[in-house]
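Listed below, chain by chain, are the residues.
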Protein chains: 2
Amino acid sequence: MTDFRPQQPGEIPSDATVPKVVVSRISLYLRELQRLEAAGQQTISSSQLGTLLGFSDAQVRKDLGFFGQFGYPGVGYRCDELIHAMRDILGTNHAWPVVMVGVGNLGQALLGYRGFGRQNFAIEAAFDADPAKVGQTIQGVRVQHIDELPAVVKEKGIRLGMLVVPAQRAQEAADRLVAAGIEGIVNFAPVTLTLPPHVQSVSVDLAIELEQLSFAVTSKLAKIVP
Amino acid sequence: MTDFRPQQPGEIPSDATVPKVVVSRISLYLRELQRLEAAGQQTISSSQLGTLLGFSDAQVRKDLGFFGQFGYPGVGYRCDELIHAMRDILGTNHAWPVVMVGVGNLGQALLGYRGFGRQNFAIEAAFDADPAKVGQTIQGVRVQHIDELPAVVKEKGIRLGMLVVPAQRAQEAADRLVAAGIEGIVNFAPVTLTLPPHVQSVSVDLAIELEQLSFAVTSKLAKIVP
DNA sequence: TGTTGTGAACTACTTCACAGCA
DNA sequence: TGCTGTGAAGTAGTTCACAACA
């Protein structure tokens, strides 16, 4: 290997402000690259990668340009290098322990979802307030009482949590996560959480996804601009 | 009631092209309004609604302005009227039957999720290729063999589908949905589907949500611009 | 030749600010 | 007065287009 050009891999130019949408595309690039590498492909150009995901070549290059220079003119990008660089960017070159709060239907299914491990996330502990659930072991994870959350978070140095409780209990559970020291929350409840500014969150609202389709399929007139 | 101002409720000015992000905020407005109405609130101003969801008042008014005039100057919006109007916009004033393909862990959990019904979606049929699953009844839905998909879709006039199969089978399953006449797909597999242009899709990638948090929490330097 | 990296141009989205209405 | 609806102004994101390089 000649020169690994991202001088400080994963380091971001200190004045950079990266649009959210760019970060989400980085995740898509990573996912696709992992597939390509598994299929034995060594290098890829911005236009190939873009075509696979439905983006323009310029978009791919601009997005990567937020974080450094990773390509070889005339050649493209080396899949292995780019995968490593993008995991550095996303922070997933090391494993992330995650807590889950709420072990209902959906929570139990998520405990068994393999995709998290593939991207280096591991659900280390699960919590519920229901005494009937506490003590059970689901998908290899023992369910603990919610009161134990702060101790576990502290002991294991956990920074991320998944919130999988019913809507009416979501804010209170979020407050507990915040109090325990969690810094980022994936919220599966269909409510907008009120959080202190140092805590990040992303929401997954399953019904909203269907509503978007309902709109798209219904409205013959209005084209959805992507 | 004096005049119901959205002249043709739900009808969209024929030259309108509505940005995707606007439609997703409409869903959020609707969700919040449903909560407010359930709590007994009769009217709401754009700034109140915006504050609850973290948007500006102008944003709320502009978004609604894509679809018509719904407000009363000096007063705000009537919750009940606005809920009705937004359901007209999204197409959810009538119930949507939905098919599910793939009844694994996650699929079974989604079959039991109450949030779909609340927004007027009903999973009418579920399909799997695994003979061990076919014939079971899960959450009140009988699992049928995937080969029966086209007949059921046609018979019940179903237009939307949820794809909940492993990544390596997602494209093939999507092709089956398309062949059966489905027009919109919620894709839970972590792959980008190739679909004909008349078929809409939205993707839910659970690992990507965690990656976004990992990035946000990791990068002290780069602020995520919302 | 093929492909990157990147300013410049363009497009899309958001916020401002205010006329008009109740 | 309070609040909507909406052009105008401003900001953010995307695409263009080309110099530089392998």
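Look up a bit, the structure's there.
This write-up is about the structure you can find in this document.

Parameters at a glance
Residues numbered from 1 in each chain as written. Chains lettered and ligands numbered in written order. Predicted model: local features only at pLDDT ≥ 70, side-chain atom pairs only at ≥ 80, totals over all residues. Heavy atoms only, no water. Near = heavy atom within 4 Å. Polar contact = N/O pair within 3.5 Å; in protein donor to acceptor, adjacent residues only side chain to side chain. Helix = DSSP H or I, 4+ residues; strand = E, 2+ residues; numbered from the N terminus. Expected span 1.5 Å × (residues − 1). Buried < 20%, exposed > 50% of the residue type's maximum accessible area, 1.4 Å probe, protein only. Nonpolar A, V, L, I, M, F, W, Y, C, P; charged D, E, K, R; others polar.

**Describing the protein's contact with DNA strand D**
Here is step 1 of the chain: Around DNA strand D, the structure places 21 residues, and the nearest of them are K62 of chain A together with S46, R61, G71 and Y77 of chain B.
Here is step 2 of the chain: Take the atoms of DNA strand D that sit within 4 Å of the protein: sugar and phosphate atoms are 59% of them.
Here is step 3 of the chain: A distance of 3.1 Å separates a phosphate oxygen of DNA strand D from a polar atom in the side chain of S56 of chain A.
Here is step 4 of the chain: If you list the elements that add at least two residues to the surface near DNA strand D, you get α3 (57–65) of chain A together with α3 (57–65) of chain B.
Here is step 5 of the chain: Looking at the surface near DNA strand D, the element that brings in the most residues is α3 of chain A, giving four residues.

**Examining helix α9 (residues 206–218) of chain B**
Residues and elements named next belong to chain B.
Here is step 1 of the chain: Over its 13 residues, α9 extends 19 Å from the first C-alpha to the last, a length consistent with the 18 Å expected when each residue adds 1.5 Å.
Here is step 2 of the chain: Where burial is concerned, most of α9 is hidden: twelve out of the 13 residues are buried.
Here is step 3 of the chain: Within α9 the residues assigned to the buried category are L206, A207, I208, E209, L210, E211, Q212, L213, S214, F215, A216 and V217.
Here is step 4 of the chain: The N-cap of α9, judged by a side-chain oxygen 3.1 Å from the amide nitrogen of A207 a few residues on, is D205.

**Some remarks on the protein's contact with DNA strand C**
Here is step 1 of the chain: Taken together, 21 residues lie around DNA strand C, and S46, R61, G71 and Y77 of chain A together with R25 of chain B are the ones closest in.
Here is step 2 of the chain: Considering DNA strand C, the proportion of its atoms within 4 Å of the protein that are sugar or phosphate atoms stands at 57%.
Here is step 3 of the chain: R61 of chain A is positioned with one of its side-chain polar atoms (N or O) 2.7 Å from a base nitrogen of DNA strand C.
Here is step 4 of the chain: Breaking the surface near DNA strand C down by element, the ones donating at least two residues are α3 of chain A together with α3 of chain B.
Here is step 5 of the chain: Of all the elements, α3 of chain B adds the most residues to the surface near DNA strand C, at four residues.
Here is step 6 of the chain: A per-class count over the surface near DNA strand C returns eight nonpolar, eight polar and five charged.

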